[in-house]
Amino acid sequence: MMLSLPQLAEAFGQLLRNGATRPEGQAPEHPGSPGAANLAAPATACRLTDYALKGYHLDVTVSPGEVVSAASLLDGEGFALDAITGLDWMADGQMEVVYDYFHPRNALRVVVRTRLPRAEPVVPTISTVFPGANWHEREAHDFFGIRFLGHPDLTPLLLPEDADYHPLRKDFALS
Amino acid sequence: MMPQTERSAADGPQETFVLNLGPQHPATHGVLRVKLTMDGEYITRAEPVPGYIHRMHEKMGENRTWAQFLPNTSRIDYLSAMTYTHAYVAAVERAARIEVPLRAEYIRVITSELNRLSSHLVWFGAFLLDLGGFTPLLYAFDDREKILDLLEGLTGSRLTYCYYRIGGVCNDVDEAFVQGTRDFVAQMRPRFGMYRDLVTDNVILRKRLEGIGPISAELCRRYGATGPVIRGAGVPYDVRKVEPYSVYGQFDFEIPVFPEGDCMARYRVRMEEMAQSLRIIEQAIDRLPAGPVMAPSVPRVLKPPPGDCCFAVEAARGRFAVRIVSDGKEIPYRVKLRTPSFSNLSLFEEASRGMLLPDALALMGSLDLVIPDIDR
């Protein structure tokens, strides 16, 4: 099975167009997140990147509500989850979630990213699609305080079990 | 040996009990805890509890310069430090557009493959120790000692190497290292035949490993497991071939793959892989180009342009990837370390369900876990 990059980009383009045509107000992107309303609609994009400069082939930006459909699309194409991590853009008041994917049989690397309001970073879990996401999401919750809706167990994985702090947030003070 | 069976509620009323494995237990190879729910000798649920030696390397990355973080990367998987420092320096080189001299790339390949061999030799000894065979460890450590001596002469370290630099390697190899490596390759080759005769073909070992702990290619994909785990499930995934980095594309070597998916398949992958590493080392030593070992124009204060980039390598335990984000300053904005043991262990709960406890420990040993690689 050889998967081609243009086909994959086209599939993502389709996914994003469907997302863009969704009427406003319907399909709440992050239920339980009042901060979401204040955030301007996140720009969605699908860009081919130069592997030699970036280390990945496709860079996809989706709205928080689309991370699960993006994961399902990649799951259907035989991708595996590399890692999930957060990225604190404190100056912008945003929290980015970055999903790295690799393909076990093709030389294809895809990055899916989304931005959440930093005050209330909530995004649906993709552990329903990739069970391996369970630990990565727990780790991102430990480090950044990102809440993954529908995650079976967000208790600290690497931090102490009573940890109520998120050390990779940029305002976490080093003593 | 009892066959591996699945128990279900239909078998009758169950009485389970909780058994704590670790965090201080020789079979977990470090401070890993596994919360076991047992039905007699059978595992109903095995939940790994990592984090006991979490050191927050990624936060450390955000309060020191790009070059200062380098020693941290050799202390994550301490058995495979060369490949880890390789991924980090290569990620920074990619971000800062630094061209590495060819001789330095060859030296990186030679030292990384020597490190892969020494890492697999530790696994070989420790895994057989898990299974109750003490003697092979002594032979494996004898071989490994030669590698550690070679690398100590070159780098000054025996384990946590910090030999690669952003832009190359810190000092050139000398004639003693080149000759010593040639001698080592010649000495090591016949050892594989001995290991095969004494260990691999041993009927007790085979009964202990064959058909035990099956992990399918699909299970690996769903959990992101890589390295000898996915290659022992029949998938020829090796970053050195799939995303050839450094000068790996210039060497003739094979990716050992075994389709059975059991503990024996993972054992065989690593044993064959060691012979392939020798092939790479031999070719690289023979064709070692002349020239400098450091890029001429690496700035003293490194400030990669804003943006992110990734670099993945094939470490001894699988795919190790570094994702860095720069905001144009001399300190990284973010360093994400994607470690193979983390993903490889995450499938343990699903793979060990219904297994006998001693078999599950064979399964755990066949994953070749390094605990700081999980906890970071």
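Here the structure is a predicted model, which is why all the values come from computation and not from measurement.

Novice: So what about the overall build of chain B? Which residues, and what values?
Specialist: Within chain B one finds 15 helices and 10 strands. Structurally, chain B occupies a C-alpha span of about 70 × 50 × 30 Å along its principal axes.

Novice: Residues and numbers for unusual backbone geometry, please.
Specialist: If you check the backbone angles, Arg97(B) has positive phi at about 55 degrees while not being a glycine. With respect to the element layout, Arg97(B) can be found in the loop between α3 (81–96) and α4 (102–130).

Novice: Which residues make up the sheet that holds strand β1 (residues 17–21) of chain B, and what values do they have?
Specialist: Residue and element names in this part refer to chain B. The 3 strands lie next to each other as β1-β4-β5, forming an open sheet whose pairing is antiparallel. Edge positions in the sheet fall to β1 and β5 (42–49), since each has one partner strand and no second. On average, adjacent strands in this sheet sit at an angle of 20 degrees to one another, irrespective of strand direction. Direction of pairing for β1 relative to strand β4 (residues 33–39): antiparallel, over a ladder of 5 bridges. When the sheet's bridge partners are listed, leucine 19 is paired in β4 with leucine 36.

Novice: Give a description of the interface of chain A and chain B that names residues and reports values.
Specialist: At the interface, 24 residues of chain A touch 31 residues of chain B. Listed by contribution, the elements that provide at least two residues to the side of chain A that touches chain B are α3 (51–54) and β3 (80–89) of chain A. Among the elements that make up the side of chain A that touches chain B, the one with the highest residue count is β3(A) (6 residues). In terms of residue class, the side of chain A that touches chain B is made up of 17 nonpolar, 3 polar and 4 charged.

Novice: Outline the nonpolar core, listing residues and values.
Specialist: Ranked by size, the top nonpolar core spans 150 residues in total, and within it Val60(A), Val110(A), Ala87(B), Ala91(B), Phe311(B), Val322(B) and Leu363(B) carry the most contacts. The element best represented in this core is α4(B), accounting for 14 residues. Sequence-distant contacts of Ala87(B), defined by excluding residues within four places in its chain, comprise Phe311(B), Ala312(B), Val313(B), Phe320(B), Ala321(B) and Val322(B).

Novice: Explain the sheet that holds strand β1 (residues 45–48) of chain A to me, using residue names and the numbers behind them.
Specialist: All names here are of chain A. Taken in spatial order, the 5 strands of this open sheet run β1-β2-β5-β4-β3, and their pairing is mixed. Looking along the sheet, the strands with just one partner apiece sit at the ends: β1 and β3. In this sheet, neighbouring strand axes are inclined to one another by 15 degrees on average, regardless of whether the strands run parallel or antiparallel. The sheet contact formed by β1 and strand β2 (residues 58–61) spans 4 bridges and is antiparallel. Its bridge partner lying in β2, arginine 47 is registered against aspartate 59. Sheet strands in contact with helix α4 (residues 67–76) are β2, β4 (94–102) and β5 (109–117), and its direction is about 170 degrees off that of β5. The sheet strands contacting helix α5 (residues 133–144) are β3 and β4, and the helix crosses β3 at an angle near 15 degrees.

Analysis parameters
- Positions within a chain are numbered from 1, following the residues in the order the chain's sequence is written.
- Here chains are named by letter from A upward and ligands by number from 1 upward, in the order in which they appear as written.
- In keeping with the predicted nature of the model, local features appear solely for residues at pLDDT of at least 70, side-chain atom pairs appear and are counted solely at 80 or more, and the whole-chain, interface and lining totals rest on all residues.
- Secondary structure counts use DSSP, requiring at least four H or I residues in a row for a helix and at least two E residues in a row for a strand, with both numbered from the N terminus.
- Pairing between two strands is assigned when DSSP locates at least 2 bridges connecting them.
- Between N-to-C directions, angles cover 0 to 180 degrees, with each direction set by a line fitted to C-alpha atoms, over the stretch in contact for helices.
- Residue pairs qualify as contacts under a 7 Å threshold applied to their C-beta atoms, which are placed from the backbone.
- By the convention adopted, Pro, Cys, Tyr, Trp, Phe, Met, Ile, Leu, Val and Ala count as nonpolar, Lys, Arg, Asp and Glu as charged, and the other residues, Gly among them, as polar.
- Core membership is restricted to buried Ala, Val, Leu, Ile, Met, Phe, Trp, Tyr and Cys residues, and these are joined into a nonpolar core through C-beta atoms within 7 Å.
- With C-beta atoms placed from the backbone, a residue counts as buried when 20 or more other C-beta atoms lie within 10 Å of its own, as exposed when 12 or fewer do, and as partly exposed for counts between those limits.

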